[in-house]
Amino acid sequence: MFSKILIANRGEIAVRIIKTCRRMGIATVQVYSEADAGSLAVEMADETVLIGPAPAAQSYLLADRIVEAVKQTGAEAVHPGFGFLSENAAFARRLRDEGIAFIGPNPEAIDAMGDKITSKKFAAEAGVSTVPGHMGLIETPEEAVKIAAGIGYPVMIKASAGGGGKGIRVAYSDADMAEGFAAVKAEALNAFGDDRVFLEKFIIDPRHIEIQVLGDKHGNVVHLFERECSIQRRNQKVIEEAPSPLLDEATRAAMGAQAVALAKAVNYDSAGTVEFVAGQDKSFYFLEMNTRLQVEHPVTELITGVDLVEQMIRSAWGEHLAFKQEDLSINGWAIESRIYAEDPYRGFLPSIGRLVRYAQPEEGEHEDGYVVRNDSGVREGDEISMFYDPMIAKLCAWAPTRAEAVEGMARALEDTHLAGLGHNVPFLAAVMDQPRFRSGELSTSYIKDEFPEGFHGLKPDARQTHILIAAAVAMNEIIAEQDGDPSDRTDWTVLIDKAPHGVDLSYDEDEALLLAFTGGGHARLTEIDWRPGLPQFRAELDGEPFTAEVARVADGFSIRHRAAKARVRVLRPRLAELYARLPEKQAADTSKSILSPMPGLVVAIPVVVGQEVKTGETVAIIEAMKMQNILKAERDGVVKAVSAKAGDPVAADDVLVEFG
């Protein structure tokens, strides 16, 4: 077995690989950019090598630097993780020529499957069903429009070297195609150094289902069942689960057989994923093969008990697979939520900055029978950089059934506390609570369907209303006791935002807080775990545990339970009446300005002072987290001022263009 492995990646996947190497007794070398000098992966690795400045193009994407680090440290193999050089056949071939093991598939398999145009042609020849489209290279927007008309809208524009949701657009018209084609080529060139683009028919109301395959260097290939990855935003996976609630045993077997056949056809000899688009009728079509470890691999590990990183290492060493297809089975259900540094209340815009607070849920088995796993590459105090993907963690929950796994994930999200930047935990919690998600009726348009006006949180349901009231009343009592000014009042009015809720308080012989609601009903609050200054309030309401995120504000509390967030005040009844009459503060009028929605770099401002602009015209393009964001005019107008130019760094809410 290898004695030392170099990890050519960063963040949570680097930490993940280090953990398996430690268990296997293998020393690790962590390469890092200047931005990652203080990272968790650097702290955990046995050796470290600085390979360049923060931009990936000057560090993690430089094969020469990686090879130099291998020779400098005496590492015998390189694990590329995902992204960066993980699907670069030239890099894999370079390592082979240098006598360095590549912990991934052979270069020929990467060539055959890593290129999305070539892979579709190969799959069709191998008898795998494929989505209608145009697999040839397309040079101009005009050519793309002509081809799309032949395929029939809607059409998906995809970068041949794409991945991670980058380099993808859906066009519904000729205008969409012309603009989207240029944007995809630009994104692809920037993110992958390859601007080739192809087109394929976009399947209406589809589901995204993928099959995990695993091969060795002796011709053996198995599949480890499927993952459903239909909850996506901008073609970026957000929530994944294994198995899929759509598939029956026959469909699962058919998809698995096709995936294995395709892998065997290219002599695949590592972990890889064959992705399919599936109809609600269980029809399925080959999309692409990712010749690397997937971001969402933990859910497969949780339902099969197989460590995929370990198997990749053993395959690269030359070992035979230690199991056959009949040895594998599905045990329980697992769900993964990708926690990102992005603000769901502002259209999921990237949010960079320092993690002032990061409380993670306890890993392992919980009393209610669910298991938590949290793959993270950051700690409290670390900074989320604009140079890389804004992922903070991959939070996973396993349980015997899907319903239990969903509830376990919801509880794990409750126990996650982040501060210092925007994050999508409230949104993830909202999905877990939605009846449609719990029913398993998914599609890749789920987020757009369920949140057509964007995400603004959810209104508290009946239980959450009681949680907000109980938490606020309990905190009010604790603060008064600490201040030496306990009140003997038993009747209060709790304002949730401005909605009044009457409540009477008492204590039983066990000192549990009893609440009688004016509108009817009672509740018992026990196991209270909170003191002033703590950002999380933990307790049990009528025997059911919960965690709420809390903060003291001027005259009350800000409380969030899952996706329900409110300003909560505990007041005397008369004072509550007066509060309800206070006028709402009017938001400032920003309708005549185009603001930068996020920190980033200006790619272009294609308008000038005095120019007449029509609604829907592009007025600015901002790049952040390797994605280009096109800003369009929301009204007709004449440009009064342009405050930025291409290449300028901008902060969130900086004014880019003003209209007269």
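Procedures and definitions
Residues numbered from 1 in each chain as written. Predicted model: local features only at pLDDT ≥ 70, side-chain atom pairs only at ≥ 80, totals over all residues. Heavy atoms only, no water. Phe/Tyr/Trp six-rings, centres within 6.5 Å; stacked < 30°, edge-to-face > 60°. Helix = DSSP H or I, 4+ residues; strand = E, 2+ residues; numbered from the N terminus. Lys NZ or Arg CZ within 6 Å of the ring centre and 35° of its normal. Pairing = 2+ DSSP bridges. Contact = heavy atoms within 4.5 Å. Axes fitted to C-alpha atoms, helices over the stretch in contact; angles between N-to-C directions. Polar contact = N/O pair within 3.5 Å; in protein donor to acceptor, adjacent residues only side chain to side chain. 1 Å grid on protein atoms, 1.4 Å probe; cavity = no way out; pocket = protein on both sides within 12 Å on 5 of 7 lines; lining within 4 Å. Points joined across faces, edges and corners; volume = space filled by probe spheres on them. Nonpolar A, V, L, I, M, F, W, Y, C, P; charged D, E, K, R; others polar.

Caption draft 1: Just the packing of aromatic side chains, in detail. For the structure on display, the rule yields 14 aromatic pairs. For the ring pair phenylalanine 348 and phenylalanine 427, a centre distance of 4.9 Å and an interplane angle of 85° mean the geometry is edge-to-face. With a gap of 79 residues between them, phenylalanine 348 in the loop between strand S16 (342-343) and strand S17 (349-350) and phenylalanine 427 in helix H13 (residues 425-433) connect regions that are remote in the sequence. Between the aromatic rings of phenylalanine 537 and phenylalanine 546, the centroid separation amounts to 6.1 Å while the plane-to-plane angle is 25°, which identifies the pairing as stacked. Joined through ring pairs, the aromatic side chains of Tyr345, Phe348, Phe427, Phe451 and Phe455 make up one cluster. The residue whose ring lies beneath arginine 402 is phenylalanine 437, and the NZ or CZ to ring-centre distance is 4.8 Å.

Caption draft 2: Highlighting the sheet that holds strand S3 (residues 47-52). The parallel open sheet is built from 5 strands, whose spatial order is S3-S2-S1-S4-S5. Every interior strand has two partners, whereas the edge strands, S3 and strand S5 (101-102), have only one. Where strand S2 (residues 27-33) lies against S3, 5 bridges are found, and the strand directions are parallel. When the sheet's bridge partners are listed, valine 29 is paired in S3 with glutamate 47.

Caption draft 3: Spatial organisation of the sheet that holds strand S13 (residues 271-278). Pairing within the open sheet is antiparallel, and its 9 strands lie in the order S14-S13-S10-S11-S12-S15-S23-S21-S20. Two strands lie at the open edges of the sheet, namely strand S14 (284-290) and strand S20 (364-365), each paired on one side alone. As paired elements, strand S10 (residues 207-215) and S13 share 8 bridges and run antiparallel to each other. Within the sheet, the bridge partner assigned to histidine 208 lies in S13 and is valine 277. In this fold helix H9 (residues 249-265) packs onto S10, strand S11 (221-233), S13 and S14, with an angle of close to 110° to the strand it touches most, S11. Together, strand S12 (236-242), strand S15 (333-340), strand S21 (371-376) and strand S23 (391-399) form the strand contacts of helix H12 (residues 402-414), whose direction differs from that of S23 by roughly 140°.

Caption draft 4: Representation of the side chain of asparagine 9 within the structure. In this fold, asparagine 9 is placed in the loop between strand S1 (4-7) and helix H1 (11-24). In this structure the side chain of asparagine 9 is engaged in a polar contact, spanning 2.8 Å, whose partner is the backbone oxygen of phenylalanine 82.

Caption draft 5: Quick peek at empty space enclosed by the protein. For the structure shown, the criterion picks out 1 cavity of 30 Å³ or more. By volume, the largest cavity amounts to about 30 Å³. Surrounding the largest cavity, Glu414, Thr547, Ala548, Glu549, Arg560, His561 and Arg562 form its lining. Counting only elements with at least two residues in the lining of the largest cavity, the list comes to strand S30 (544-553) and strand S31 (556-561). In terms of residue count, S30 provides more of the lining of the largest cavity than any other element does, 3 residues in total. Residues of the lining of the largest cavity, tallied by class, amount to 1 nonpolar, 2 polar and 4 charged.

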